[in-house]
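A look at the structure
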Amino acid sequence: MLKTVALLFFLFISICTHAQIWVAATGSDGAEGTRDKPLASVAMALRKARELRRLNDPSIARGIHITVNEGVYDFTEPLFIRPEDAGTGASPTTIEAAPGAHPVFSGGIPVKGWKKLSEPVASLPKKSQGRVWVAAAPTINGELLPFRQLWVNGLKAIRAKDRQGNTMSRILSWNKKDESCWIPKPAVPVSSVEGMELLIHQWWAIAQLRIKSMEVRGDSALLRFHQPESRIQSEHPWPSPWISPEGNSAFNLVNALQFLDSPGEWYLDPKTRRLYYWPREGEDMQTATVIAPAAETLVEIKGTAEQPVSHIRFKGISFQHTSWLRPSQKGHVPLQAGMYMLDAYKLRPPGTPAKKALENQAWIGRPAAAVEVSYARNTCFENCQFIHLASTGLDLEKGAKEDTARGNLFQDIGGSALIAGVFSDEAMETHLAYNPADEREITEGLLISNNLVNNIGNEDWGCVGIGAGYVRNTTIAHNDLSELPYTGISLGWGWTKDKNVMQNNQVLANKIYRYAQHMYDVAAIYTLGAQPNTLIADNRIDSIYKAPYAHLPHHWFYLYTDEGSSYITVKNNWTPSEKYLQNANGPGNVWENNGPAVAGNIQQAAGLEEAYRSLLSKKRIVYATRPINHELPVIIELIAPAEQSLDVPRIKGAFAESQVASPRFYQWKNHLVFYGKTGDAAALAGKLGKALPGTEVKLYSDAFYEFNRTHCADTSTAAQWDNILLTADLVSDPKLQQEYLAYHKTQFQQWPEVSNGFCNAQFQQLLVYRSGRQLMLVISIPRGESLDRLNPKTTENNPRVDEWNKRMARYQQGIQGTAKEEVWVFLKPVE
């Protein structure tokens, strides 16, 4: 009986144990790899595991665990995981943190020996002398280490730039023919442009261009750029520099010693091999941990179509401090979502066999990632950190199948947090539908869930939180995404409704907020291309930033199905309003029950599930003081030539075609005004201009003054409102116009009695819009009330309102067609 028990006990131990290989920063690669005699590197541990599999060692029956102790593990080259390292469902290979440990896989090099700069340095601003510290630049085998990022005590420092804080200048013009750009003369003298770059904001992407020359002429400077980016930047039509009365494309000049004039900025001088840094408040450079990145990729899991890598797991590992040098070598001109153009130019005339109207032909490349996975099955990243990275965090590339990313932190990343699937092969024009002959290269069956994505795209502002290209049977669910420069989740590629590999994808119960920090033409969830049986549901979307340099200030959305999007169901998504865009969609899309009326339980269930909510303690707000958008109605005014009438039924039909539900119109003489909410007001205004030749179309997209009941002691609002619309002109004197705007900007602080009067009169909202000199005033009052009865209450026992009205009168006059003494005219509702 005792022998039987002993035998059963032995069998139980044999079945339930697994091979375990230990790694410690203090270990030795000549050691046995036990807990007491650990190895020093994960690469050697992986080799040991590979040998156990080659020899089919009995200990691996239940898998192999490579257990990594506390410490920072420096990666001078990627950990290369190949088909010979593959596990099985019963015997996976797991690379995991030891219990209670937080090991770091780092691609960085410490920078030490900091000293306060004591001698004058040519080109360093006078204000920086005595404040800047200097260290010998890091080298590898005697060669200077080039890098574009620097972290001080875990906080990313700023490459020296010409403007302080988050401010930018605006270009004066762009000449595509000779590939040049005029900018205002820099505020500081520029002695050399070697190493200097232009970062330019253009629509939904930025570009980083290496400056070849700068020629100062008077108060302006002419820039020319290095190849290949100079040609690509000027030849491709979209996205391109923005020239507009609303403000030309914004830019910064970056990476010159003469720009180092603020705490947190740094500059690497390649000639003297010195690194300069102005410490932030509280940083002690004698004890600070300063890291410069060296490696671009930390882990590469790479199989083949015939022999994919399988069943590799990472748990509790922190991937940190990667570099990405391509912008320093060839510039960086992205098409979208961080995918940079290898070649691109405008087709004249437009059209290809596959896409008749195409004018923007392009071939794209893919940014480097800290962890790259291709031709791999059943890999898993769980409870890992992807932080302090120059480019993409995790890239599930071609041939990735049934892979999982769950419960990870993605934070402080220069590019996208996670991208998946083929976007376009480098040899394939990027607008062609992707249908590979070998289905083994299709990325499918991914699960991306319960990840915290926070503060990503902080260098390439056109990158996305989670980007999936040509994928199928993939689920993106219960992720929490915030502090994003552009879009939250981007699904699809190709700009075509043609059949491709995409199908059966799901974007479910994600929480996306505080997005579009910098770029517009944006949405929290964005799609491209035909994707049969794809579902976007139960997501919660809120709080889009007011991007300070957006090309079109109103061109932002909560949900956006872009070119070719087809056969997609969008339902039960909570958004503050129904500000959505459906642009050039294909057939078969279904929109159902989206907006602020979606059930509360859907809102509450979105985002991280209970088991993963501890990640929320890691979340950081980047722009705490930047305002958040809330959707206000827009105004579109149609002005017929004098003594001509407007075709109101035809106009109403145009609004119906643009899916504007129950549009309300107001009229005064030959002026017809729409006031309400619409997805893309600029596009609608453009359509009306084309449909009504000879009719002037004016768009009022942003109210420069807004009163609402939050300024009142009684903040309650009426259930239904009536809107009263009036219009007038500002006087022609630009100085007086600016005075008028300044008064309204400070009214709540300097003239609170005015808003108190609005409260007393039961005004629900008061908005003032401007297009050129013309003003539109919208007063909203409780349904059934009369403005004639309520308006006198604004001045009741309130003489300051009389004084305000008297002052404002000097800035206003009647529009064309009003009587001599007439100023504000009422627009009457059109039934």
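Worth saying up front: this structure is predicted, and the values here are computed from it rather than measured.

Thresholds applied
Residues numbered from 1 in each chain as written. Predicted model: local features only at pLDDT ≥ 70, side-chain atom pairs only at ≥ 80, totals over all residues. Heavy atoms only, no water. Helix = DSSP H or I, 4+ residues; strand = E, 2+ residues; numbered from the N terminus. Buried < 20%, exposed > 50% of the residue type's maximum accessible area, 1.4 Å probe, protein only. Contact = heavy atoms within 4.5 Å. Areas by Shrake-Rupley, 256 points an atom, 1.4 Å probe, with all protein chains shown as cover. Disulfide = S-S within 2.5 Å. Polar contact = N/O pair within 3.5 Å; in protein donor to acceptor, adjacent residues only side chain to side chain. Lys, Arg positive; Asp, Glu negative; His and termini not counted. Salt bridge = Lys/Arg side-chain N within 4 Å of Asp/Glu carboxyl O.

1. Some details on the overall build of the protein
- Counting its regular elements, the protein contains 12 helices and 67 strands.
- When the backbone C-alpha atoms are referred to their principal axes, the protein occupies close to 110 × 70 × 60 Å.
- Each of the 831 residues in the protein was classed as buried or not, and the buried ones make up 58%.
- Sequence separation of 24 or more characterises 77% of the internal contacts of the protein that already satisfy a separation of 6 or more.
- As presented, the protein carries roughly 35,500 Å² of accessible surface, and 51% of it is formed by carbon and sulfur atoms.

2. A closer look at the state of the cysteines
- Summed over the entire model, instances satisfying the criterion amount to 1 disulfide.
- Across the disulfide from cysteine 712 sits cysteine 759; the S-S distance is 2.0 Å. Given an S-S torsion of about -90°, the disulfide between cysteine 712 and cysteine 759 has left-handed geometry. Placement of cysteine 712 in the loop between β62 (703–708) and β63 (721–730) and of cysteine 759 in helix α10 (residues 752–760) is noted, with a sequence separation of 47 residues between them.

3. A look at the environment of serine 566
- As for its placement among the helices and strands, serine 566 is situated in strand β55 (residues 566–571).
- On the accessibility criterion, serine 566 (0% relative accessible area) is buried.
- When the C-alpha atoms of serine 566 and threonine 496 are compared, they prove to be 9.1 Å apart, with 70 residues separating the residues in sequence.
- Once residues lying within four places of it in the same chain are set aside, the contact partners of serine 566 are Lys497, Gly529, Ala530, Gln531, Pro532, Gly586, Pro587 and Asn589.
- Of note is the side chain of serine 566, whose polar atom sits 2.7 Å from the backbone oxygen of glycine 564.

4. What to know about α10
- Every buried residue of α10 is accounted for by Val754, Ser755, Gly757, Phe758 and Cys759.
- The elements touched by buried residues of α10 are β62, α9 (747–750), β64 (765–771) and α12 (799–809).
- Where α10 terminates, the next one or two residues include glutamine 762, which has phi positive at roughly 65°.

5. Overview of the side chain of aspartate 403
- Residue placement: aspartate 403 occurs in the loop between β37 (400–401) and β38 (404–406).
- Put simply, aspartate 403 is tucked away with no salt bridge, and the nearest opposite charge, on arginine 377, sits 8.4 Å away.
- A distance of 3.0 Å separates a polar atom in the side chain of aspartate 403 from the backbone nitrogen of asparagine 378.
- Filtering out sequence-adjacent residues up to four positions away, aspartate 403 remains in contact with Val373, Ala376, Arg377, Asn378, Thr379, Gly445, Leu446 and Leu447.

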